[in-house]
Amino acid sequence: MDSGFLQTLEAILNFGLPIFLLLLAYFVGTMLERRHFRSIRNRESEFAQFPVVTFDTMPADWTATSSTLVTGSVVVSLDYFKRVIAGLRAIVGGRIKTYEPLLDRARREAMLRMIEEARRDGYDAVFNVRLETSRLANSSGEGKRTAGVEMLAFGTAVKFTSRFARTS
Amino acid sequence: MEISNTDSIPGRTIVQFYGVVTGNTVRAKHIGRDIMAGLKNIVGGELVGYTELLQDSRNEATERMIQQAQSMGANAVVNVRFATSSIAQGAAELFAYGTAVRVE
Amino acid sequence: MKFIPRQPREGINVSDTHPLVEAGTLIVGLTAIFICIALLLIFLVEIALYFVPVEKEVAMFENWLPEDLVTVSPGDERLHQTQILVDRLAFHWADAPYEFRVEIDDSDIANAMALPGGLIIVTEGLLDQVESENELAFVLGHELGHFRNRDHLRALGRGIVLSLFFAATMSNDVSSISLSVTDLTLRGFSRKQESRADEFGLALVYTHYGHVNEASRLFEKWDDDDSTMLDVVSYTSTHPDAGDRVESLKEQALREGWPVEGVITELKW
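Residues numbered from 1 in each chain as written. Chains lettered and ligands numbered in written order. Predicted model: local features only at pLDDT ≥ 70, side-chain atom pairs only at ≥ 80, totals over all residues.

Please clarify how the packing of helix 3 (residues 77-91) of chain C against helix 5 (residues 133-149) of chain C should be interpreted in this entry.
Helix packing geometry: the angle between the two helix axes and the distance between the axes. Residue and element names in this part refer to chain C. Where helix 3 meets helix 5, the closest approach of the two axes is 10 Å, and the angle between their N-to-C directions is 60°. In terms of axis orientation, helix 3 runs oblique to helix 5. Remark: the crossing between helix 3 and helix 5 carries right-handed chirality. Contacts between helix 3 and helix 5 involve L85, V86, L89 and A90 from the former and E133, L136, A137, L140, G141 and L144 from the latter. (Axes fitted to C-alpha atoms, helices over the stretch in contact; angles between N-to-C directions. Helix = DSSP H or I, 4+ residues; strand = E, 2+ residues; numbered from the N terminus. Parallel < 35°, antiparallel > 145°, perpendicular 65-115°, else oblique. Left-handed = near helix turned anticlockwise from the far one by under 90°. Contact = placed C-beta atoms within 7 Å.)

Put into structure tokens, the structure is as follows:
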């Protein structure tokens, strides 16, 4: 009787498969995340001189000639490992520490993209910056499964009259 | 550390500004709160468990934002805004952001 | 005011707990909790069984048959003879509370089941594999043992416990894992039930024939066929390992002083 073989297969699938997927998601996910963070840090130091503020009125010494709305957005997906940990957390409650780096880099990426758009079009600063997060739900599973998280950064970009009005 | 959601601290002048600071935290509610909320949905009223949970999260997010400002050498954060969003089933992200400044 | 570009320190919005550590704590902690809850629910099922007496069970399930059952024709000689054998064996069980009914399932897989209300189902596959009446008598005696221990109702309880856990862990990804953990725990108890049914079955065989020759032949056959049996497999299955069952039966016969040699009764069809 080959029920022994079937049972071995069943045992492997029941336990091995989720664990394998978990480890795969963890290792690949961590590698991608680290790479992304490195890219983010490089770009942030590159753009450090570009003023970005949440003031809703411009600082007095900024004299703007033209302005426009600029946005930057990114959608990140939750990998299997993070979802499983969050599912376990939802039973006992508490801080979901695995999601924090994900949202952190999503937000910073969105801000960087907004700054890139402003710089590309020749603007000198962005003020009245707002940040918004929203969850994208999977269309299957009655919209309960999260397909990804969208992070949006938007603000008003301005061009100064003279190049020396920026930093004084 | 002084914080305000206007673009200046009342009675002070901003002398330097450094950039945007953010603080966020992701929290999950435990099954007990879920069940209580389900019951409350029948009779209505305040979901005290959730209120406490989100309030704690907001305080924590604000704390983190202040820490970021401190590490930049600021002594105030202005134009502070909050955002709450649902990240996954049963988890919410609490978000605080503002501009780190030095006031006198 | 002056703009001085500065950047915040890295890592404020990120916890420094290593994700694998957090994963490990959660998984280990929750597994322990799940196992405790499963044990508690099993205990509650036992208490509930105490309150459902046999008379009520018989009244509820008197003429019940499972929905997807495909039976052989009622005139089948095997059905007739098996029913006679069951009645004869039950005769030796002093206060058998059930009127046992036999049905034969039209399936090729060797199996026998004890179902609520005193219903015993054997498959064609099993009948094809038995070579003597003694073997069949042991299988039927084993099922009668289940009735005596009311195991068939426990199986229902087990199903309910599993569905409860599936519903409670609402996230889809976690449900399958929690299901596996709970299922494993419950299968441990299932194996113990099987051993106790084996013991009762052997006792009935001895009482009926005066010896226990050939009773465990079916298991010996299964043990030989199973060349891929690993220890991990027997731990995860609902029945004990076939080889172990043969050993236990031999030990029991030795302990009780039952003769292992004797005249084999032929099948009567």
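Now that the structure has been shown, we can carry on.
I'm lost on the nonpolar core in this one. Help?
Judged by nonpolar contacts, the single largest core of 67 residues is most densely connected at V126(A), V77(B) and A91(B). Apart from the residues lying within four places of it in its own chain, the contact partners of V126(A) are V52(A), V70(A), M114(A), I115(A), A118(A), G155(A), T156(A) and A157(A). If you look at the next biggest cluster of nonpolar residues, it comprises 37 residues, including L85(C), L89(C), L126(C) and L249(C). (Core = buried A, V, L, I, M, F, W, Y, C linked by C-beta atoms within 7 Å. Buried ≥ 20, exposed ≤ 12 C-beta atoms within 10 Å, placed from the backbone.)

What's the story with the interface of chain B and chain C in this structure? I'm lost.
How big an interface is tends to be reported as the loss of accessible area on association of its parts. Between chain B and chain C, the residue contacts involve 17 residues of the former and eleven residues of the latter. Looking at the side of chain B that touches chain C, the elements with two or more residues in it are strand 2 (14-28) and helix 2 (48-71) of chain B. Element by element, the count of residues in the side of chain B that touches chain C is highest for strand 2 of chain B, at ten residues. Classifying every residue of the side of chain B that touches chain C gives six nonpolar, ten polar and one charged. Sheet topology places strand 2 of chain B next to strand 1 (residues 2-3) of chain C; two bridges connect them, and they run parallel. In the strand pairing of strand 1 of chain C, F17(B) is matched with F3(C). (Nonpolar A, V, L, I, M, F, W, Y, C, P; charged D, E, K, R; others polar. Pairing = 2+ DSSP bridges.)

How do you make sense of the environment of I85(A) when you look at a structure like this?
With respect to the element layout, I85(A) can be found in helix 2 (residues 80-92). A sequence separation of twelve residues divides I85(A) from K97(A), and the C-alpha atoms of the two residues are 9.2 Å apart. Other than its neighbours up to four places away in sequence, I85(A) contacts T98(A), E22(C), A23(C) and L26(C).

Could you clarify how one ought to interpret the interface of chain A and chain B in this entry?
In this complex, chain A contributes 30 residues to the contact, which on the side of chain B involves 28 residues. Secondary-structure elements contributing two or more residues to the side of chain A that touches chain B are helix 2, strand 2 (94-95), helix 3 (99-120), strand 3 (125-137) and strand 4 (146-160) of chain A. The element that contributes the greatest number of residues to the side of chain A that touches chain B is strand 3 of chain A, accounting for seven residues. When its residues are assigned to classes, the side of chain A that touches chain B shows 14 nonpolar, seven polar and nine charged. Relative to strand 2 of chain B, strand 2 of chain A is paired through two bridges, and the arrangement is antiparallel. Residue pairing across strands places G94(A) opposite A28(B), the latter belonging to strand 2 of chain B.

Which parts of the structure should I look at to understand the pairing of strand 2 (residues 101-105) of chain C?
Consecutive residues of a regular strand have side chains that alternate between opposite faces of the sheet. Residue and element names in this part refer to chain C. Counted residue by residue, strand 2 has four buried out of five residues, so it is predominantly covered. Pairing geometry for strand 2 and strand 4 (residues 119-123), over five bridges, is parallel. Looking at the pairing, R101 lines up with L119 of strand 4.

Got a minute to help me understand the sheet that holds strand 2 of chain C in this structure?
Adjacent strands of a sheet pair through backbone hydrogen bonds, lying either parallel or antiparallel. Residue and element names in this part refer to chain C. As summarised here, the arrangement of the three strands in space is 2-4-3, forming an open sheet in which the pairing is mixed. On the outer flanks of this sheet lie strand 2 and strand 3 (112-115), each paired with one strand and no other. Neighbour-to-neighbour, the strand axes of the sheet open up by a mean angle of 20°, direction not taken into account. Sitting on the sheet, helix 3 is in contact with strand 2 and strand 4, with an inclination near 140° to strand 2. Along the sheet, helix 5 makes contact with strand 3 and strand 4, crossing strand 3 at roughly 25°.

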